[in-house]
Amino acid sequence: MNTGSIALRYCRALFEEARLAAIDAEIYGAFGVLHQNMQTAPDLQSVLISPRISKEKKLALMKTASQCTVPLWLRFLTLVLEHGRENLLRLMVFSFRDLYRAYYGIDRVVLQTAVPMNVRVLNRVKEKVKAGTGREVELVTEVCPDLIGGFCLRIGDVLYDYSYRTKLQNIRRQLWNR
C-alpha cells in the first residue's frame, strides 16, 4: 500500500476526532512543533524508527518533541507506535497540516526577505494577502541574505519574486544576450 495513503488515512481519522472534540487547533500545533523539532534535530527521525528503542521511550520522546499532552494526541501516537507506523510520522505531519488548512481555508504564505522584518510590516503583508485571496493566511518568514534586497512571496504554488538578486540576474542575462 502507498505510504502516503496510509499516513493520510491515519490523519483523516485523527482530524475528524479532533474536530469533533474541538481540539483540532491544538493537534495542528502539536504537529507543527513536532515538525520543527524534526527539522532542527534530524536524528529524531532516526531514533523514532530505530528498532532498538522501546515503544515507551519513543512515546515519551514524541510527547516531548510535540510539547502536547492532549489525551487524543497521546492515543494517536500510541496507535502509530503499536502499528509500527512511526516511519510515516513526517508524512503524517504534512497530511494533517494539509487537511487542517483545507478545512479552514488557510493559505500557507512564505515571505523571504534579505533582512528580518518587523511585526508591523508582517501584519500588513498578511492583511494584504488575506484581502487579495479572501482566505486566512498562515505567514511564514525566512531571512535569505542572498536576496540582497526586496522580497519573494510564495502563495501556494505561485511565487512572486521581487528580489534585487533576480533583478540583477535579469540585467546580467540581458547584457550577455546583446
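### Examining the overall build of the protein chain
Per the secondary structure count, the protein chain includes 8 helices and 4 strands. Secondary structure elements of the protein chain occur, N-terminal to C-terminal, as α-α-α-α-α-α-β-α-β-β-β-α. A compact globule built from 178 residues should have a C-alpha radius of gyration of about 16 Å, whereas the protein chain, at 20 Å, is more than 25% larger. On the principal axes, the C-alpha backbone points of the protein chain span a range of 65 × 35 × 35 Å. Taking all 178 residues of the protein chain together, the buried fraction comes to 35%. Contacts in the protein chain between residues at least 24 apart in sequence constitute 67% of all its contacts with a sequence separation of at least 6. The averaged location of the 17 negative side-chain charges in the protein chain is 6 Å from the averaged location of its 26 positive side-chain charges.

### Points about the pairing of strand 2 (residues 136-143)
Where strand 1 (residues 106-113) and strand 2 come together, 8 bridges link them in parallel fashion. Residue V110 lies in a different strand from strand 2, and its bridge partner there is V140. Between the parallel elements strand 1 and strand 2, the chain passes through helix 7 (residues 119-133) in a crossover that is right-handed.

### What to know about helix 4 (residues 55-66)
Taking 1.5 Å as the rise per residue, helix 4 with 12 residues should run 16 Å; its terminal C-alpha atoms sit 16 Å apart, in good agreement. Burial in helix 4 covers these residues: K58, M62, A65 and S66. Burial along helix 4 is one-sided: seen end-on, the buried residues are contained in an arc of 90 degrees. Along helix 4, exposed side chains directed more than 90 degrees from the buried face belong to E56, K57 and T64. At its buried positions, helix 4 is contacted by helix 2 (24-40), helix 3 (43-49), helix 5 (71-82) and helix 6 (89-104). The first or second residue beyond helix 4 is Q67, which carries a positive phi of 55 degrees.

### Brief notes about the environment of L89
Along the chain, the position of L89 falls in helix 6. In this structure L89 comes out as buried when scored by relative accessible area, which is 0%. Beyond its immediate sequence surroundings of up to four residues, L89 is in contact with L34, M38, L48 and M62.

### Regarding a nonpolar patch on the surface
Among the surface-exposed residues, I148, Y164, L168, I171 and L175 lie close enough to one another that they form a single nonpolar patch of about 520 Å² accessible area. Mapped onto the secondary structure, I148 falls in the loop between strand 2 and strand 3 (150-155). Taking relative accessible area as the criterion, I148 reaches 53% and is therefore assigned exposed.

### Notes on the pattern of salt bridges
Applying the stated rule across the entire model yields 6 salt bridges. Put simply, E16 and R19 hold a salt bridge, and the shortest N to O gap is 2.7 Å. Here E16 pairs with R19, and both are found in helix 1 (residues 3-20), just 3 residues apart, close to one helical turn. In this structure E16 comes out as partly exposed when scored by relative accessible area, which is 35%. Residue classification places R19 among the partly exposed residues on the basis of a relative accessible area of 25%.

Definitions and cut-offs
- Residues numbered from 1 in each chain as written.
- Predicted model: local features only at pLDDT ≥ 70, side-chain atom pairs only at ≥ 80, totals over all residues.
- Heavy atoms only, no water.
- Helix = DSSP H or I, 4+ residues; strand = E, 2+ residues; numbered from the N terminus.
- Rg over C-alpha atoms; globule rule 2.2 N^0.38 Å.
- Buried < 20%, exposed > 50% of the residue type's maximum accessible area, 1.4 Å probe, protein only.
- Contact = heavy atoms within 4.5 Å.
- Lys, Arg positive; Asp, Glu negative; His and termini not counted.
- Charge placed at Lys NZ, Arg CZ, Asp CG, Glu CD.
- Pairing = 2+ DSSP bridges.
- Right-handed = clockwise from strand over helix to strand, strands pointing away.
- Expected span 1.5 Å × (residues − 1).
- Arc of directions from axis to C-beta.
- Patch = residues over 30% accessible without salt bridge, like charges linked within 9 Å, V, L, I, M, F, W, Y side chains within 5 Å.
- Areas by Shrake-Rupley, 256 points an atom, 1.4 Å probe, with all protein chains shown as cover.
- Salt bridge = Lys/Arg side-chain N within 4 Å of Asp/Glu carboxyl O.

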